[in-house]
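Close look at the chain arrangement
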Amino acid sequence: MAFFDSTIFYLIIMVVAFMSLGMICSPKNHGATSTKIVPMNVAPTGGEPHPDTVRITALKGGDISIERHFTIREGDTVNLVITKFDTHVKIVEKKGVVGAGADTEHLGMALVSCIGQRWYSYRYESEVTGKWCAFEFTNVAGNNKEVEMRL
């Protein structure tokens, strides 16, 4: 019984307690599983500005179609940087080549094939317009969703 009253016993108990606390409170590594860059096909619409929304449509075979209306210069290109995590996907819309034309309304479309056929939580950010949105979407053929962008 003298062992339970010794300093060594209490030191061992403290070391075990701190190790357990460290394992419980240590940050979990949820790094990105993949990152892809997908170019958008951009075409001028020649019309009035549309509401700032993202339209996502699930196609057969697991592909996703993303459509956006935005005002950019004639000759600009736009790319989507898609980062997939465990249960969420982050899509960042970035300008590529900068054109020298006038600002006009364009329709951007991209076909994304790097997202699996399951439910994900999405965050869509536009560096072109400075707006963003968040939504949930299940990639099953026929599903579609239109989400309004906000500042």
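Structure shown above.
Heads up: these notes are all about the structure in this document. (Residues numbered from 1 in each chain as written. Predicted model: local features only at pLDDT ≥ 70, side-chain atom pairs only at ≥ 80, totals over all residues. Heavy atoms only, no water.)

**Section: the overall build of the protein chain**
A tally of regular secondary structure across the protein chain gives 1 helix and 10 strands. Starting at the N terminus and ending at the C terminus, the protein chain contains elements arranged as α-β-β-β-β-β-β-β-β-β-β. Taken against the 2.2 N^0.38 rule, which gives 15 Å for 151 residues, the C-alpha radius of gyration of the protein chain at 24 Å runs more than 25% over that of a compact globule. On the principal axes, the C-alpha backbone points of the protein chain span a range of 90 × 35 × 25 Å. Residues classed as buried in the protein chain amount to 32% of the 151 residues present. Counted over contacts in the protein chain with a minimum sequence separation of 6, partners at least 24 positions apart contribute 67%. When the accessible area of the protein chain is evaluated, it comes to approximately 9300 Å², of which 60% is carbon and sulfur surface. (Helix = DSSP H or I, 4+ residues; strand = E, 2+ residues; numbered from the N terminus. Rg over C-alpha atoms; globule rule 2.2 N^0.38 Å. Buried < 20%, exposed > 50% of the residue type's maximum accessible area, 1.4 Å probe, protein only. Contact = heavy atoms within 4.5 Å. Areas by Shrake-Rupley, 256 points an atom, 1.4 Å probe, with all protein chains shown as cover.)

**A short note on the side chain of Thr-53**
Tracing the backbone through its elements, the reader meets Thr-53 in strand β3 (residues 53-58). At 3.1 Å, the side chain of Thr-53 forms a polar contact with the side chain of Glu-146. Dropping the residues within four chain positions of it, Thr-53 is found in contact with Glu-67, Arg-68, His-69, Glu-146, Val-147, Glu-148 and Met-149. (Polar contact = N/O pair within 3.5 Å; in protein donor to acceptor, adjacent residues only side chain to side chain.)

**Comments concerning the pattern of salt bridges**
If the charged atoms of two oppositely charged side chains come close together, the side chains can form a pair. On inspection of all chains with the given rule, the structure shows 9 salt bridges. Across the salt bridge formed by Glu-146 and Arg-55, the nearest N and O atoms sit 3.4 Å from each other. Taken together, the residues Glu-146 in strand β10 (residues 144-148) and Arg-55 in strand β3 connect sequence positions 91 residues apart. Judged by its relative accessible area of 29%, Arg-55 falls in the partly exposed class. Of the charged contacts in the structure, one is a salt bridge between Lys-95 and Asp-76, with a shortest N-O distance of 3.3 Å. Linking Lys-95 in strand β6 (residues 88-95) with Asp-76 in the loop between β4 (64-73) and β5 (78-84), this pair joins segments that are 19 residues apart in sequence. Judged by relative accessible area, which is 40%, Lys-95 ranks as partly exposed. Asp-76 gets classed as buried once you look at its relative accessible area, which sits at 6%. One connected set of salt bridges, linked through shared partners, spans Asp-52, Arg-68, Glu-93 and Lys-131. (Salt bridge = Lys/Arg side-chain N within 4 Å of Asp/Glu carboxyl O.)

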